[in-house]
Amino acid sequence: MTFLNNELAIFSHVYMILILGYAILIMSSYLILAYLSVKELREYLKKNSFVDYDVLLTSQFAPGLSLIAPAYNESFTIQENVKSLLSLNYNNYQVIVVNDGSKDNSMEILIKTYDLVRTELNIHYQIETKKIKGIYTSRNAAYKKLIVVDKENGGKADALNVGLNIAQNPYVVCIDVDCILDKDALLKLAKPFLESHGKRIIATGGVVRIANQCIIKNGRLVEVNIPDLLLPRIQVLEYLRAFLLGRMAWGRLDGLLLISGAFGAFDKEIALLSGGYNTKTVGEDMELVVRMRRYMLENKMPYSVSYIPDPLCWTEAPEDFKIFKKQRSRWMRGTIETLSFHKRMFLNPKYKMLGMLSIPYWTLFEFLAPAIEFSGLLITVVFIVFGLLNWHFFFLLVLFVYFFAVMFSVIALYSEERTYHKYPKQTDFLKLLLAAFIEPFYFHPLAVYAALIGYKEKVMGTSGWGEMTRKGFSKK
């Protein structure tokens, strides 16, 4: 028994050192990414302070864009959101709304609101999709940019592939129909495609923000507010960290793996050559970016993926844990599927930055992190039961992790205040600051639990998105 206790004591010391090492590793990576993000953000703001987007608005060189917006049971928001898409500051674009077999009255709302009639289009079907039941255009000249497709349900990826088949322009902008776009979103998103020098820009994305409690009028965001409920309020912080202190850095390193499915632009030709959206994953946005990058590398074609820090898109975040759990478990399943599909890229120098850094990083800190954290919790409970836990070391470690988490959120808040300052009220800043101190105890455990559900669902063979109930946006 003494020998066993000695062995367990040694294991407990090794375990604590490993946990500390992992914590230091992940925190160091966050700080490095934050430093690179801030550096890139400053350079971007300095460079773009001289840009006159009105010139691009009237330019004959402005690239043609096709907006693809899949819709499934979006009756609460679809009228307002389509209105937003049709009133953007851009000349050369079309809007393709794909009704993916909605069970609610989304299609009826669209037909009535936009005076739609069935029409015939010559479509070159390059990607196989579920059956299209009808294609509609408006009799009202004010909505001449709008095409609505009614199809059998096949999931978001299938709906996006329908849009790729129908799109008439060289670049496609894939968005969630429940999003509200900034009026200059397309102008800013199109700019990187015009600035490429020697490298083909195959995709570009912008910042997504939380719209809960914001005031929307006639498809426009007219007042930014912090969510009243704690769960979406903390997601505001989470999105600030992810976009301002994460993706900016990966864009600078040219190692970006993910452009949010809520809002991103793609080179249509490369997207089609890569096979379009994969209908066998719920992480179709991430998987397409990885596959397009893989296609370019394997064909030795110089390319780049761009990222814009401007807050261009506002989306509705889950307000209750049931919907939040479905969303985050789906994100985990999508991550697992993408990493599995492209596992040959892991530490493969043939794929350069992607193979040697981006995919290993996502594997270690995105895919494995919840499992490592949960395993650590179980082992800690075992050590407590056997009386082997070094409480002094344990509390120091917990405090170290807690204060780092709070500090990182404060850095994200400070970056937002010094740049776009979308939350001008002092009370809003204080609410977000308070949320930063609460998050590690409340939000983080929920996120880890949802990720563990994602592991379980993947093992059980769960597929599909699940129901994502929307409440709609506030209106004046």
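Here the structure is a predicted model, which means the values were calculated and not measured. Residue positions within a chain follow its written sequence, with the count starting from 1. The model is predicted, so local features are restricted to residues of pLDDT at least 70 and side-chain atom pairs to those at 80 or more, both for listing and for counting; the totals for chains, interfaces and linings are taken over all residues. Excluded from the side-chain calculation are hydrogens and water; included are all heavy atoms of the structure.

1. Describing the UniProt feature "transmembrane region" (unreviewed entry) in the protein
UniProt positions are given in the numbering used here, feature names are shortened, and annotations may be inferred rather than shown by experiment. The UniProt record marks residues 12-38, 359-386, 392-414 and 434-455 with the feature "transmembrane region" (unreviewed entry), using the residue numbering of this structure. Elements are defined by DSSP. Helices are runs of H or I of four residues or more, strands are runs of E of two residues or more, and each kind is numbered from the N terminus. Secondary structure across residues 359-386 comprises 93% helix and 0% strand; the distance between its end C-alpha atoms is 38 Å. As annotated, residues 434-455 comprises 100% helix and 0% strand, and the C-alpha atoms at either end are separated by 31 Å.

2. What about helix H6 (residues 185-195)?
Only protein chains enter the accessibility calculation, which uses a 1.4 Å probe; a residue whose area is less than 20% of its type maximum is buried, one above 50% is exposed, and one in between is partly exposed. Buried residues dominate H6, accounting for nine of its 11 residues. For H6, the set of buried residues is Ala185, Leu186, Leu187, Lys188, Leu189, Ala190, Lys191, Pro192 and Phe193.

3. What to know about the pattern of salt bridges
When charged atoms on two side chains of opposite charge get close, those side chains can pair. Here, a salt bridge means any side-chain nitrogen of Lys or Arg that lies within 4 Å of a carboxyl oxygen of Asp or Glu. Applying the stated criterion across every chain yields a total of 22 salt bridges. A salt bridge links Glu40 to Arg252; the nearest nitrogen and oxygen atoms lie 2.7 Å apart. Taken together, the residues Glu40 in helix H1 (residues 2-48) and Arg252 in helix H7 (residues 230-253) connect sequence positions 212 residues apart. For Asp267, the salt bridge goes to Arg200, with nearest N and O atoms at 2.8 Å. With Asp267 in strand S11 (residues 263-267) and Arg200 in strand S8 (residues 200-210), this pair connects stretches of sequence that are 67 residues apart.

4. Examining a nonpolar patch on the surface
On the surface, Phe374, Leu377, Leu378, Val381, Val382, Val385 and Phe386 cluster together into a nonpolar patch covering about 660 Å² of accessible area. One can find Leu378 in helix H12 (residues 369-385). Two distance rules govern patches: like charges are joined within 9 Å, and nonpolar side chains (Val, Leu, Ile, Met, Phe, Trp, Tyr) within 5 Å, applied only to residues with over 30% relative accessible area and no salt bridge. Reported accessibility uses the Shrake-Rupley method at a 1.4 Å probe radius. Residues are deemed covered only where the shown protein chains occlude them.

5. Some thoughts on the sheet that holds strand S1 (residues 65-71)
In this description, strands pair whenever DSSP reports at least two bridges between them. The 10 strands lie next to each other as S3-S4-S5-S2-S1-S6-S11-S8-S12-S7, forming an open sheet whose pairing is mixed. Each of the sheet's edge strands pairs with one partner strand only, and the pair in question is strand S3 (116-119) and strand S7 (180-181). For S7 and strand S12 (residues 303-315), the ladder comprises two bridges, and the chain directions are antiparallel. Along S12, the bridge assignment pairs Leu181 with Cys313.

6. Considerations on the packing of aromatic side chains
Pairing of aromatic rings covers Phe, Tyr and Trp, the last counted by its six-membered ring, and requires centre-to-centre distances within 6.5 Å; plane angles under 30 degrees mean stacked, over 60 mean edge-to-face, and any other angle means tilted. The tally for this structure, following the rule as stated, stands at 19 aromatic pairs. Here Tyr239 and Phe243 contribute two aromatic rings whose centre-to-centre distance is 5.9 Å and whose plane-to-plane angle is 45°, an arrangement assigned as tilted. Of the two residues, Tyr239 and Phe243 are both situated in helix H7; the distance of four residues between them amounts to about one turn of the helix. Residue Tyr239 shares its accessibility class with Phe243, and that shared class is buried.

7. Some points on the packing of helix H10 (residues 321-341) against helix H11 (residues 352-367)
Lines fitted to C-alpha atoms define the axes, with helix axes restricted to the stretch in contact, and inter-axis angles between N-to-C directions lie between 0 and 180 degrees. Where H10 meets H11, the closest approach of the two axes is 11 Å, and the angle between their N-to-C directions is 145°. Considering only the axes of H10 and H11, their crossing is left-handed. Each of Met332, Thr335, Ile336 and Leu339 in H10 lies in contact with H11, whose residues at this interface are Ile359, Trp362, Thr363, Glu366 and Phe367. Amino acid classes used here: Ala, Val, Leu, Ile, Met, Phe, Trp, Tyr, Cys and Pro are nonpolar; Asp, Glu, Lys and Arg are charged; the rest, including Gly, are polar. Classifying every residue of the contact of H10 with H11 by side-chain character gives six nonpolar, two polar and one charged. When the near helix sits turned anticlockwise from the far one by under a right angle, the crossing is termed left-handed; a clockwise turn instead gives a right-handed crossing. Any pair of residues with heavy atoms lying within 4.5 Å of one another is described as a contacting pair.

8. Re the pairing of strand S6 (residues 171-175)
By the criterion of burial, S6 is predominantly enclosed, with five of the five residues buried. The two faces of S6 match: Tyr171, Val173 and Ile175 on one face and Val172 and Cys174 on the other face are all buried. Summarising the sheet, S1 and S6 pair through four bridges and their orientation is parallel. The residue bridging Ile68 from the neighbouring strand is Cys174, located in S6. Judged from the five bridges that link them, S6 and S11 form a sheet pairing that is antiparallel. Looking across to S11, one finds that Val172 is bridged to Phe266.

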